[in-house]
Amino acid sequence: MANLPFLLSTYARNITMFGNERLTPRDDFKGVPESYRPDVQSYAARNYDYDELDRALDKGWISRQEHDDIMALKTEADPINKLAT
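All of these numbers come straight from a predicted model, not from anything done at the bench.

Rules behind the numbers
Every chain begins its residue count from 1, and numbering advances along the sequence as written. Owing to the predicted nature of the model, reporting of local features is limited to residues with pLDDT of at least 70; listing and counting of side-chain atom pairs is limited to 80 or more, with chain, interface and lining totals taken over all residues. Excluding hydrogens and water, the side-chain figures rest on all heavy atoms present in the structure. What counts as a helix is a DSSP run of H or I of at least four residues, what counts as a strand is a run of E of at least two, and both are numbered from the N terminus. Both definitions apply: the radius of gyration is a C-alpha atom measure, and the globule rule equals 2.2 Å times residues to the power 0.38. Residue exposure (1.4 Å probe, protein chains only): buried if accessible area is under 20% of the type maximum, exposed if over 50%, otherwise partly exposed. Every residue pair with non-hydrogen atoms within 4.5 Å of one another is taken to be in contact. Per-residue and other accessible areas were derived by the Shrake-Rupley procedure at a 1.4 Å probe size, with only the shown protein chains allowed to occlude residues. Under the counting rule used here, the positive set is Lys and Arg, the negative set is Asp and Glu, and His together with the chain ends is not counted. Note on charges: their place is set at NZ of Lys, CZ of Arg, CG of Asp or CD of Glu. Here a salt bridge means any side-chain nitrogen of Lys or Arg lying within 4 Å of a carboxyl oxygen belonging to Asp or Glu. Note that the arc is computed from the directions linking the helix axis to the C-beta atoms. Polar contacts, as used here, are pairs of N or O atoms within 3.5 Å; protein pairs need one atom able to donate a hydrogen and one able to accept it. Residues neighboring in sequence count only if both atoms are side-chain atoms.

(A) Inspection of the overall build of the chain at higher detail. A count of helices and strands for the chain gives 4 helices and 0 strands. The linear arrangement of helices and strands in the chain, starting from the amino end, is α-α-α-α. Taken over C-alpha atoms, the radius of gyration comes to 12 Å for the chain, in line with the 12 Å a tight globule of 85 residues would show. Oriented by its inertia axes, the alpha-carbon framework of the chain measures out at about 35 × 30 × 20 Å. Going through the 85 residues of the chain one by one, you find that 40% of them count as buried. At a minimum sequence separation of 6, the contacts of the chain that also span at least 24 residues come to 62%. Carbon and sulfur atoms make up 54% of the accessible area of the chain, which amounts to about 5,100 Å² in all. Within the chain, the 15 negative side-chain charges are centred at a point lying 4 Å from the centre of the 11 positive side-chain charges.

Structure below.
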């Protein structure tokens, strides 16, 4: 079964913007289903800028490895692929 687009955005937002979920199981969170993880990371790379992802890392909502993996998915074509000022 294909991943549901509305869940990708919901998972990414809950992890990156609100910190009320984790990508992988830790901090007493069960993490998103494994089949969704690559797509959630890709969604975050396309839709969140550096400041938002750095903030999620600083707050512990994503791990250093998760942050690096998401950043590696960013491309020049991403509309919010900009460096933090």
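(B) Structural view of the pattern of salt bridges. Counted according to the given criterion, the structure contains 4 salt bridges. One salt bridge in this structure joins Arg26 and Asp27, with 2.8 Å as the shortest N-O distance. Residue class for Asp27 comes out partly exposed when judged on its relative accessible area of 43%. For Arg64, the salt bridge is made with Asp68, and the minimal N-O distance between the two is 3.4 Å. Of this pair, Arg64 and Asp68 both sit in helix H4 (residues 64–73), 4 residues apart, which is roughly one turn of the helix. Each of Arg22, Arg26, Asp27 and Glu66 takes part in a single network of salt bridges with overlapping partners.

(C) Local environment of helix H2 (residues 37–47). Along H2, the residues classified as buried are Arg37, Val40, Gln41, Ala44 and Ala45. Along the axis of H2, the buried positions cluster into a sector of 140°, meaning they face one direction only.

(D) Seen up close, the side chain of Asp49. In this structure, Asp49 sits in the loop between H2 and helix H3 (50–58). At 3.1 Å, the side chain of Asp49 and the backbone nitrogen of Asp51 are in polar contact.

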